[in-house]
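Structure at a glance
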Amino acid sequence: MSASKMWTAYLTVMRKELVRIFRIWAQTILPPVVTTSLYFIVFGTFIGSQLAPIQGLSYIQFIVPGLIMMSIITSSYMNTVSNFYFAKFMRNIDEMLVSPMPDWLVIAGFVSGGVMRGLIVGFFVLLVSLFFSHLAIFNIFILVAAVLMTSVLFSLAGLINGVYAKGFDGISIVPTFVLTPLTYLGGIFYSISQFPEFWQKVSLLNPILYMVNAFRYGFLGVSDVPVWICFSVLVGFTLIFTAIVAFLFKRGMGVKN
Amino acid sequence: MASAVSVSNLKKTYDTGVEALKGITLQVEEGDFFALLGPNGAGKTTLIGILTGLVYKTGGEAEIFGHDTQTDASRAKTYIGLVPQEFNFNIFEKVEDIVVTQAGYYGIPRAQAIKDAEPILKDLGLWEKRREPAQKLSGGMKRRLMIARALIHKPKLLILDEPTAGVDVELRRHMWTFLRKMNAEGTTIILTTHYLEEAEQLCRTVAVINKGEILINETMQNLLERYGEKKLEDIYINLIEGENGQTI
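Remember, predicted model here, so these are calculated numbers, not experimental data. (Residues numbered from 1 in each chain as written. Chains lettered and ligands numbered in written order. Predicted model: local features only at pLDDT ≥ 70, side-chain atom pairs only at ≥ 80, totals over all residues.)

Focus: the nonpolar core
- Counting residues in each nonpolar core, the largest one holds 141 residues, and the members touching the most others are M211 of chain A together with A148, I159 and L191 of chain B.
- There are two domains that each give this core at least three residues, and those are domain 1 (14–79 + 157–248) and domain 2 (87–154) of chain B.
- Apart from residues lying up to four places away in sequence, L191 of chain B is in contact with F34, A35, L36, L160, A199, L202 and C203 of chain B. (Core = buried A, V, L, I, M, F, W, Y, C linked by C-beta atoms within 7 Å. Buried ≥ 20, exposed ≤ 12 C-beta atoms within 10 Å, placed from the backbone. Domains from an automatic or database assignment. Contact = placed C-beta atoms within 7 Å.)

Written as structure tokens, this is what we have:
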């Protein structure tokens, strides 16, 4: 397959994803926007107004980047896990598998879909956040890099989950029992500097902490962890997950016999 | 003439231990209309799966127009259009989108694919339904949509895995006419079907597979002549009964 044909195939997958995301916007875009708005209202405005500033920032200012990142993480993950699982379940994954598209292009298509949904949801949540807080951008490059890398990472993670999922339970167990706790404990609502030293060290084992902090640094210029460490963690996990996905596709896990 | 499909000592054993193909060898010549017959579980779908890249072989060789289906899979796949047994399109997508998106996977730009889709959808009686979600189509229309999707990239080899299963007589005859036209225009066709009359009417070459082995592989004319006045159905039943040592 020539480079131009591969590009056309990639654009086709992207278009299909985009059409799907907007066709079922009430499932893909609206819920995270509504949920995050409630966080802004309850935690940011009602409770946050009674809390002391964190790192010189009002509480709502402090949590906005983390809440945007939470919606990006969840949306990217859920897009690939559900999309891949349903394609596998309905067997329309075969449409791609019988085509000359190489495995890496199929992977890129699914991951790009997850990234797109993450970015779309993140954009709408960002718009909503402007009703509650003034946001300045401290470093646009760090901000964009953190968003893109995190959404790629969680799209890959969703794809791994989708490959292994054997039923509808399989696509909800990891988000419910792994992703959600890690996200909530990932420094969205607090700075780990407020913790005793032991719990600070425990918190550093949570990879989501680094993503939230990288993103927060891009917006506010504050982070619990040096930014280069945040990006090192992001790059490391992305490489590991890419290798796993490539291996699973090479083996045809869950889709080929 | 070149071989559209060349299979040599092809083996497939599934992880469960089931030996689906026990070293089969066959050729499908370019331009042929080839019937691949056999009872359920004989290995037909496994063979098709290997040719289309959905199943990994465990031994032997399989080539499409000279390109190995595993080591040169991308090139081999460009030649194939597959109509699988089960409906496997996204029922929430519109008819035209399903066909045009499939073209995109083969690197055909959208504008071109929309143009290419028009005559195919018209030929298959789906043009009026092109803006409808696939879930609103009747069973026969869904079958035709599967064919339209398989043809959008103008494959040289069309593989049809029981394309007329559950289709009424009138529509089946319409599909026969369509497939004959495709074959006359140069498309090599491999057809698996349980309607033996269909194979007899359409195909020039026939292979019967049972328990992962090829029982016969010859031209339809030779086969029918060899068995005198018998119909393909009688020959097939004798063959399978003889092989299985039981009455079907």
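Remarks on the packing of helix α3 (residues 95–105) of chain B against helix α5 (residues 139–151) of chain B
Residue and element names in this part refer to chain B.
- Between α3 and α5, the shortest axis-to-axis distance is 8 Å and the interhelical angle comes to 30°. Overall, the two elements α3 and α5 adopt an arrangement that is roughly parallel. In terms of crossing hand, the pair formed by α3 and α5 is right-handed. Touching V95, I98, V99 and Q102 of α3 are L145, A148 and R149, all from α5.
- In terms of residue class, the contact of α3 with α5 is built from five nonpolar, one polar and one charged. (Axes fitted to C-alpha atoms, helices over the stretch in contact; angles between N-to-C directions. Helix = DSSP H or I, 4+ residues; strand = E, 2+ residues; numbered from the N terminus. Parallel < 35°, antiparallel > 145°, perpendicular 65-115°, else oblique. Left-handed = near helix turned anticlockwise from the far one by under 90°. Nonpolar A, V, L, I, M, F, W, Y, C, P; charged D, E, K, R; others polar.)

Thoughts on the interface of chain B and chain A
- Listed by partner, the interface residues are 25 residues for chain B and 22 residues for chain A.
- Sorting the residues of the side of chain B that touches chain A by element identifies α1 (44–52), α2 (73–78), β6 (80–83) and α3 of chain B as the ones contributing at least two each.
- Across the side of chain B that touches chain A, the residue classes break down as 12 nonpolar, 11 polar and two charged.

A few points about the pairing of strand β10 (residues 213–219) of chain B
All names here are of chain B.
- Summarising the sheet, strand β9 (residues 205–210) and β10 pair through six bridges and their orientation is antiparallel. Looking across to β10, one finds that T205 is bridged to T219.
- In sequence, β9 turns back onto β10 through a hairpin of two residues, with K211 there showing a positive phi of about 50°. (Pairing = 2+ DSSP bridges.)

Some remarks on the pairing of strand β2 (residues 19–29) of chain B
All names here are of chain B.
- Pairing of strand β1 (residues 3–13) with β2 involves eight bridges; the strand directions are antiparallel. Across the sheet, V7 pairs through a bridge with L26, a residue of β2.
- Taking the residues that link successive antiparallel strands as the turn, the β1-β2 hairpin has five residues, and the phi of G17 there is positive, at about 95°.

Concerning the packing of helix α3 (residues 30–47) of chain A against helix α6 (residues 103–129) of chain A
Residues and elements named next belong to chain A.
- Between α3 and α6, the shortest axis-to-axis distance is 9 Å and the interhelical angle comes to 30°. Where α3 crosses over α6, the two elements pack in a sense that is right-handed. Where α3 abuts α6, its residues P32, V33, T36, S37 and F40 lie against V121, F124, V125, V128 and S129.
- Of the residues assigned to the contact of α3 with α6, the class counts are seven nonpolar, three polar and no charged.

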